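What follows is each chain in one-letter form.
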Amino acid sequence: MTWAHEAFSRVGAMALALALASAVAYGADWPQFQGPNRDGYSPETGLARSWPENGPKELWSVSVGPGYAGPAVRDGEVYFLDRVDEKQDIVRCLDLNTGHENWRYAYDAPGSTGHSGSRTTPTVDADYVYTVGLMGDFLCVDRTTHQPLWHKNVLEGYGVDTPKWGASQSPFLHGTMVIVAPQAEDAFVVAYDRKSGETIWASSGLGGVGYSTPVVATLCGVDQVVMVSASDGGDEGRVAGLSAADGTILWAYRGWQCKIPIPYAMPLPEDRLFVTGGYGAGSVMLQIRRSGEAFEIVERYRLGAEVCGSQIHQPVFYNGHLYLNSNSNEREDGMTCLTLDGNVLWRTKEVKEWPTFERGNLLLAGNMIIALDGKRGTLCLVDPSPEGYKEITRASVLKGTKMWSPMALSDGRLLVRNQEEMKCLDLRAP
């Protein structure tokens, strides 16, 4: 466990981690988008710090349809949402050890979008798999019967037109609820009963339709669903906190605008949120304060797109610093180390020999950053340090284009994918 996570406990901010992990598994599992606590952090140890000449051992590989959906892992089973011929979505379950397909459930979901294909990471609890497909199909599939307990559409059900790049939601489990964001005017964020699929609450509108997913965090002692909306079609975007109990909007901040928001607002110690995006949005650090029932939002700092902005992926937080791939359509500044005061300490674009990672994913495990170059398929182990980029080792593990999917780490096995295959790599120390 890192110093940063110990510090969370010392200041009482572990309430955040408890809220994030309220209904997911622990240990070696990676049961949802961004890991056990949805912060890109794995508590695993015993990972190798050097690889054979040809890179980490490939344990297995399976064919997948085009797309960007990352895997989730629970109880030695790999779950991901595949898509075939723009006609069907397929919930697939593989054995983590062998890659053998244990079962699948397919359903009709005809249609296409820009950058079409599979989209988002499933969320898996002890009994069920929750997925949202490209065309808005929201399913709860029983892990034992392999059949849906319920199935609804979060776009059609609320009269939302299919977004340009499709629906992009990774369901969030909180208590008895599963939370997603249809982003309708009268149902921007909706909490459903996990077992029945019945609506528990629906929030009012928050702005334009984007591609960010809701997260639950404890801010100022209150469990809140934090959501980022788009500044699109004349709508003003917002970063907002909703009551996790009933969906009431507790606060909304309009000072940061992004026409296509993808990363979610990242909770940090001392009731702070770091928000970043591409398309010229840059980044902002917000401080949430509370007086009685009223909330105040203080902008701690703002960084322009020319300084820091991640188009697709979340940062990771380690020893008081943020690490993110500050890359977008417009710029490729590479991995960036940022203080919580907003000072950029280094960026990999500053040295020719350092990788810039394009729009690849990164996660944190074993006191190392594991980062994938989304354009070149190079996997790197990096010692996170404010002193500079300190690469431990690297290897070419994928070929192709648009390798932008989230990775998953479980029991020393790393899952990576491109537009044609998913691989399982052995990162365990001998």
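Just so it is clear, the model here is predicted, and its values are computed rather than measured.

What counts, and where the lines are drawn
Residues numbered from 1 in each chain as written. Predicted model: local features only at pLDDT ≥ 70, side-chain atom pairs only at ≥ 80, totals over all residues. Heavy atoms only, no water. Pairing = 2+ DSSP bridges. Helix = DSSP H or I, 4+ residues; strand = E, 2+ residues; numbered from the N terminus. Patch = residues over 30% accessible without salt bridge, like charges linked within 9 Å, V, L, I, M, F, W, Y side chains within 5 Å. Areas by Shrake-Rupley, 256 points an atom, 1.4 Å probe, with all protein chains shown as cover. Salt bridge = Lys/Arg side-chain N within 4 Å of Asp/Glu carboxyl O. Lys, Arg positive; Asp, Glu negative; His and termini not counted. Charge placed at Lys NZ, Arg CZ, Asp CG, Glu CD. Buried < 20%, exposed > 50% of the residue type's maximum accessible area, 1.4 Å probe, protein only. Axes fitted to C-alpha atoms, helices over the stretch in contact; angles between N-to-C directions. Contact = heavy atoms within 4.5 Å. Core = buried A, V, L, I, M, F, W, Y, C linked by side-chain atoms within 4.5 Å. Phe/Tyr/Trp six-rings, centres within 6.5 Å; stacked < 30°, edge-to-face > 60°. Lys NZ or Arg CZ within 6 Å of the ring centre and 35° of its normal. Disulfide = S-S within 2.5 Å.

(A) View of the pairing of strand S14 (residues 199-202). Relative to S14, strand S13 (residues 190-193) runs antiparallel, the two being bridged by three bridges. Each bridged residue has a counterpart across the sheet, and for Tyr 192 the counterpart in S14 is Thr 199. Where S13 folds back on S14, the antiparallel hairpin that results is connected by five residues, among which Gly 197 adopts a positive phi of roughly 80°.

(B) The arrangement of a negative patch on the surface in detail. Side chains of Glu 185, Asp 186, Asp 232 and Asp 235 sit close together on the surface and give a patch of like negative charge. With respect to the secondary-structure elements, Asp 235 resides in the loop between strand S16 (222-228) and strand S17 (239-243). Using a relative accessible area of 40% as the deciding quantity, one classes Asp 235 as partly exposed.

(C) Molecular detail of the sheet that holds strand S18 (residues 249-253). Strands sit in the order S15-S16-S17-S18 across an open sheet of four strands; the sheet is antiparallel. Looking at the sheet topology across the chains shown, the edges are occupied by strand S15 (215-219) and S18. Going across the sheet, the axis of each strand differs from the next one's by a mean of 30°, ignoring polarity. As paired strands, S16 and S17 are joined by five bridges and run antiparallel to one another. Counted as the bridge partner of Val 225 is Leu 242 from S17.

(D) Here's a closer look at the side chain of Gln 34. In this structure, Gln 34 sits in the loop between helix H2 (14-20) and strand S1 (41-42). Non-local contacts of Gln 34, meaning those with residues more than four positions away in its chain, are made with Asp 39, Gly 40, Tyr 41, Tyr 264, Gln 314 and Asn 361.

(E) Inspection of the nonpolar core at higher detail. Ranked by size, the top nonpolar core spans 37 residues in total, and within it Val 189, Val 239 and Trp 256 carry the most contacts. Among the elements that take part in this core, S16 stands out by supplying five residues, more than any other. Beyond its immediate chain neighbours, meaning those up to four positions away, Trp 256 contacts Val 228, Gly 237, Val 239, Val 275, Thr 276, Gly 277, Ala 281, Gly 282, Ser 283, Val 284 and Arg 302. Of all hydrophobic cores here, the second largest spans 33 residues; its members include Leu 381, Met 407, Val 416 and Leu 425.

(F) Inspection of the packing of aromatic side chains at higher detail. Per the counting criterion, the structure on display carries 14 aromatic pairs. Ring geometry for Phe 33 against Tyr 264: centres 6.0 Å apart, planes inclined by 80°, an arrangement best described as edge-to-face. Of this pair, Phe 33 sits in the loop between H2 and S1 while Tyr 264 is found in the loop between S18 and strand S19 (266-268), placing the two residues 231 residues apart along the sequence. Of the two residues examined, Phe 33 and Tyr 264, each falls in the buried class. Ring pairing ties together the aromatic residues Tyr 128, Tyr 130, Phe 138, Trp 150 and Tyr 192, which thus form one cluster. In this structure, Lys 152 packs its charged tip against the face of Trp 150, placed 5.7 Å from the ring centre.

(G) Fine view of the side chain of Gln 183. Along the chain, the position of Gln 183 falls in the loop between strand S12 (177-180) and S13. Apart from the residues within four sequence positions on either side, Gln 183 is in contact with Val 160, Gln 169, Phe 188, Gly 208, Val 209, Gly 210 and Met 227.

(H) A look at the pairing of strand S10 (residues 148-153). Bridge count between strand S9 (residues 137-142) and S10: five bridges; the pairing is antiparallel. Residue pairing across strands places Val 141 opposite Pro 148, the latter belonging to S10. Taking the residues that link successive antiparallel strands as the turn, the S9-S10 hairpin has five residues, and the phi of His 146 there is positive, at about 65°.

(I) Fine view of unusual backbone geometry. Positive phi outside glycine occurs at Arg 38, with the angle close to 55°. Here Arg 38 is to be found in the loop between H2 and S1. The class for Arg 38 is buried, based on a relative accessible area of 2%. A positive phi is found at His 115, a non-glycine position, where the angle reads about 50°. By relative accessible area, His 115 is classed as partly exposed at 38%.

(J) The state of the cysteines, seen in detail. Scanning all chains against the criterion turns up zero disulfides. No disulfide involves Cys 93; its sulfur sits 14 Å from the nearest other cysteine sulfur, which is in Cys 424. With no disulfide of its own, Cys 140 has Cys 93 as its nearest cysteine by sulfur position, at a separation of 15 Å.

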